[in-house]
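Structural description and commentary
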Amino acid sequence: VLQVLSLAIPIGFITMFSGIVCDAKAELNLKMMITVIYIVLLIGLFMLLREYGIVGFATAVLIGEMIRMGLYQYAMKRVLGLRFSSQLRCYIPGVINGLIIAGIIHLLSTFLRDLQLPVAVVLACQITASGIVFLLLTLLFPHKVLRVEIGQVLNKLGVREDSSSY
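So, a few notes on the structure that sits alongside this text. Model, not experiment: these values are computed from the prediction. (Residues numbered from 1 in each chain as written. Predicted model: local features only at pLDDT ≥ 70, side-chain atom pairs only at ≥ 80, totals over all residues. Heavy atoms only, no water.)

1. Points about the overall build of the protein
Quick reminder of the rule: In this text, helices come from DSSP runs of H or I with a minimum length of four residues, and strands from runs of E with a minimum of two, each type numbered from the N-terminal end. Here the globule rule is a power law, 2.2 Å times the number of residues to the power 0.38, and the radius of gyration is based on C-alpha atoms. Each residue is assigned to one of three classes by its accessible area relative to the maximum for its type, calculated with a 1.4 Å probe on protein chains only: buried under 20%, partly exposed between the two thresholds, exposed over 50%. By definition, residues are in contact when any of their heavy atoms lie within 4.5 Å.
Helices and strands together make up the secondary structure of the protein, namely seven helices and zero strands. Sequence-ordered secondary structure for the protein, helices as α and strands as β, is α-α-α-α-α-α-α. A compact globule built from 166 residues should have a C-alpha radius of gyration of about 15 Å, whereas the protein, at 20 Å, is more than 25% larger. Within the span of the protein, comprising 166 residues, buried residues form 28% of the whole. Expressed as a percentage of contacts within the protein between residues at least 6 apart in sequence, the contacts between residues at least 24 apart total 59%.

Structure below.
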């Protein structure tokens, strides 16, 4: 159940940005329509998947979030004129970094479980390792899409004039 919800919750976070854009652009009717569609869809999915218990509930939330994300992607295309490919390209660095971090946490967890360490120690190691890997991937080895964004921020801060060197 937690694994399914761990996929659904980040999708919900992604759609928050689109909701904020709708608020800022005064597209409240569009946002309201997406919210109503999501609620009706979620109720339907809960009814459809109720036989599967808590796993069905989690799956319904995941499917609902994926559809809501698609609706918000359409809304961003309409409101901001962004193509779907441009919108999806923004997620590439996060997905790649997330997959790498998840793989490292999995390997670390497997190793630490074999040592039969207390759960708190395993959790502390997982958090520390994921933080270190995240910082390394973001700051030292950023994806090219992220590298451009970091360069723009550094240039605005006056920290670095030529961002092509990293």
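2. Details of the pattern of salt bridges
As a reminder, the rule being used: We define a salt bridge as a contact between a side-chain nitrogen of Lys or Arg and a carboxyl oxygen of Asp or Glu at a distance within 4 Å.
All told, the structure shown has two salt bridges when counted by the stated rule. Across the salt bridge formed by Lys 31 and Asp 23, the nearest N and O atoms sit 3.0 Å from each other. Residue class for Lys 31 comes out partly exposed when judged on its relative accessible area of 24%. We classify Asp 23 as partly exposed; its relative accessible area is 38%.

3. Overview of the environment of Val 61
The residue Val 61 is located in helix α3 (residues 53-80) in this model. Here the alpha-carbon distance between Val 61 and Tyr 38, two residues 23 residues apart in the chain, equals 9.9 Å. Every residue in contact with Val 61, bar those within four places of it in the chain, is listed here: Leu 5, Ala 8, Leu 42 and Phe 46.

4. Focus: the side chain of Ser 18
Among the structural elements, Ser 18 can be located in helix α1 (residues 2-24). The residues contacting Ser 18, other than those within four sequence positions of it, are Tyr 72 and Met 76.

5. Concerning a nonpolar patch on the surface
For clarity, the cut-off: Nonpolar side chains (Val, Leu, Ile, Met, Phe, Trp, Tyr) within 5 Å and like charges within 9 Å form the patches, drawn only from residues with over 30% relative accessible area and no salt bridge. Where accessible areas are quoted, they stem from the Shrake-Rupley method and a 1.4 Å probe; at the residue level, only the protein chains shown are allowed to cover.
Taken together, the side chains of Ile 132, Phe 134, Leu 135, Leu 136, Leu 139, Leu 140 and Phe 141 define a hydrophobic patch exposed on the protein surface, amounting to about 740 Å² of accessible area. Tracing the sequence through the fold places Ile 132 in helix α6 (residues 119-140).

6. Quick notes on helix α2 (residues 28-48)
Put simply, the test is: By this rule, a helix spans an expected 1.5 Å times one less than how many residues it contains. Within this analysis, the arc is defined by the directions that extend from the helix axis to the C-beta atoms.
The first and last C-alpha atoms of α2 sit 30 Å apart over 21 residues, in line with the 30 Å expected at 1.5 Å per residue. Within the sequence span of α2, burial applies to Leu 30, Ile 34, Tyr 38, Leu 42 and Leu 45. Seen along its axis, α2 keeps its buried residues to an arc of 105°; they face one direction. The exposed set on the far side of α2, more than 90 degrees from its buried face, consists of Asn 29, Met 32, Met 33, Val 40 and Met 47.

7. Points about the packing of aromatic side chains
Condition: Pairs were defined over the aromatic rings of Phe, Tyr and Trp, the Trp ring being its six-membered one, requiring ring centres within 6.5 Å. Orientation was assigned from the angle between planes: stacked under 30 degrees, edge-to-face over 60, tilted for the rest. Note on criteria: charge over ring means Lys NZ or Arg CZ within 6 Å of the ring centre, with the direction from the centre no more than 35 degrees off the ring normal.
Summed over the entire model, instances satisfying the criterion amount to one aromatic pair. The positively charged end of Arg 68 is found above the aromatic ring belonging to Tyr 38, 4.5 Å away from the centroid.

8. Examining the nonpolar core
The cut-off we apply is this: Here, nonpolar core means buried Ala, Val, Leu, Ile, Met, Phe, Trp, Tyr and Cys residues that are tied together by side-chain atoms lying within 4.5 Å of each other.
Listed in full, the eight residues of the largest apolar core are Val 21, Cys 22, Leu 30, Ile 34, Tyr 72, Ala 75, Met 76 and Val 79. Mapped onto this core, the elements with two or more residues apiece are α1, α2 and α3. Sorting elements by how many residues they give to this core places α3 first, with four residues. With sequence-adjacent residues up to four places away left out, Ala 75 is seen in contact with Leu 30 and Ile 34. Counting five residues, the second-largest nonpolar core is a separate cluster that includes Ala 8, Val 61, Leu 62 and Met 69.

9. Some words on unusual backbone geometry
Residues other than glycine seldom take positive phi values, yet Ala 26 does so here, at roughly 60°. Take Ala 26: it is sitting in the loop between α1 and α2.

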